[in-house]
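Coordinate inspection notes
Residue strings, one per chain:
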Amino acid sequence: MDANGRVLQELVAGLASGDISVVDLTQPLGPDTPVIDLPAIFASSPGFSRKTISRYDEKGPAWYWNAISFGEHTGTHFDAPIHWVTGKDLPNNALDTIPARKLVGPACVVDVTRESAENEDYLLTRAGIEAWEKKHGRVPAGSWVLLRTDWSKRKDAAGFLNVREDGPHNPGFHKDCLEFLAHERDVLGVGVETVGTDAGQAATFDPPFPAHAIMQGSGRFGLASLCNLDRLPSTGAVVIASPLKLVEGSGSPVRVLALTTA
Ligand code: MN
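A brief look at the structure comes next. (Residues numbered from 1 in each chain as written. Predicted model: local features only at pLDDT ≥ 70, side-chain atom pairs only at ≥ 80, totals over all residues. Heavy atoms only, no water.)

**Description of the sheet that holds strand β11 (residues 189-192)**
Taken in spatial order, the 9 strands of this open sheet run β1-β15-β13-β5-β7-β11-β12-β4-β14, and their pairing is mixed. Of all strands in the sheet, those with a lone pairing partner are β1 (21-24) and β14 (251-253), marking the two edges. The average undirected angle you get between the axes of adjacent strands in this sheet is 25 degrees. Across 3 bridges, strand β5 (residues 104-111) lies against strand β13 (residues 238-241) in antiparallel orientation. Considered in β13, the bridge of Gly105 is made with Val239. (Pairing = 2+ DSSP bridges. Helix = DSSP H or I, 4+ residues; strand = E, 2+ residues; numbered from the N terminus. Axes fitted to C-alpha atoms, helices over the stretch in contact; angles between N-to-C directions.)

**Concerning the pairing of strand β15 (residues 256-260)**
Within β15, 4 of the 5 residues are buried, leaving the element largely enclosed by the surrounding structure. By the bridge criterion, 4 bridges tie β1 to β15 in an arrangement that is antiparallel. Bridging from a neighbouring strand, Val22 pairs with Leu259 of β15. Here 4 bridges tie β13 to β15, and the two strands are oriented antiparallel to one another. Residue Val238 lies in a different strand from β15, and its bridge partner there is Leu259. (Buried < 20%, exposed > 50% of the residue type's maximum accessible area, 1.4 Å probe, protein only.)

**Examining the side chain of Asn162**
Residue position: Asn162 is located in the loop between α4 (157-161) and β8 (163-164). When its relative accessible area of 12% is taken as the criterion, Asn162 is described as buried. In this structure the side chain of Asn162 is engaged in a polar contact, spanning 3.1 Å, whose partner is the side chain of Glu120. Reaching out from Asn162, the side chain makes a polar contact with the backbone oxygen of His169 at a distance of 2.8 Å. For Asn162, the residues in contact, after removing those within four places along its chain, are Glu120, Trp151, Arg154, Ala157, Gly167, Pro168 and His169. (Polar contact = N/O pair within 3.5 Å; in protein donor to acceptor, adjacent residues only side chain to side chain. Contact = heavy atoms within 4.5 Å.)

**Describing the coordination of the manganese ion**
Tetrahedral coordination by four donors puts the ideal angle at the metal at 109.5 degrees, and octahedral coordination by six puts it at 90 or 180 degrees. With distances of 2.1 to 2.3 Å, the protein atoms coordinating the manganese ion are His73 (ND1), His77 (NE2) and Asp79 (OD). Read N to C, the donor residues that coordinate the manganese ion are spaced as H-x3-H-x1-D. Exposure class is identical for His73 and His77. Each is buried. (Donors = N, O, S within 2.8 Å, 3.2 Å for Na, K, Ca; no water.)

Encoded structure:
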């Protein structure tokens, strides 16, 4: 066996011994999964629903299965470049054409729990990423930048969506941070614990919804409604985020796993 083969052998041994653990960054997907709230002038995305086809009964005596239905962007999910108008003409921009190689990458976890607790509209800036890099090193090309806010610990839908008269409030990214990550760090994309990759008030930003506009517009991805980011080290984890291979899919629920030795 060559050296490359040994790397995989060591991975398998590490998983077996528990030296490498698999952290599930995925929220359960079901009828109670909260769905993003858009202004009433726009079409809304249906949440998860399920109809039983059979359950060991006269419709199927030995088998259980369901028919399921949901918007592509429901629960823990993946945003493809084609999701946003800025990414609509890019090559390989849909779930069925994104190269599989791009579904695996290292994670940089930026902990802004304190800032988010003090200010639910907190935005991570370019300066915030540069401060992170001083401690943890440069954000590698091809990595996920995951924003740890502990927002996933808000277990009731109302607190999670946090909608007030002037719209939703949750932390996110400043435009200058997104442009830096896209164009000067060449990241795979950004991931968040909130319902979408943009801050709650991002409809009012310039450009509106900058996380979507800039990330999807530059061929990058998004991960929303992640959890368990508090179980990851700042660097060193490897994320596997592999959405359904939907033809011309703009996104899909995804089981996001992280391999870590921490
Ligand atoms: Mn989405």
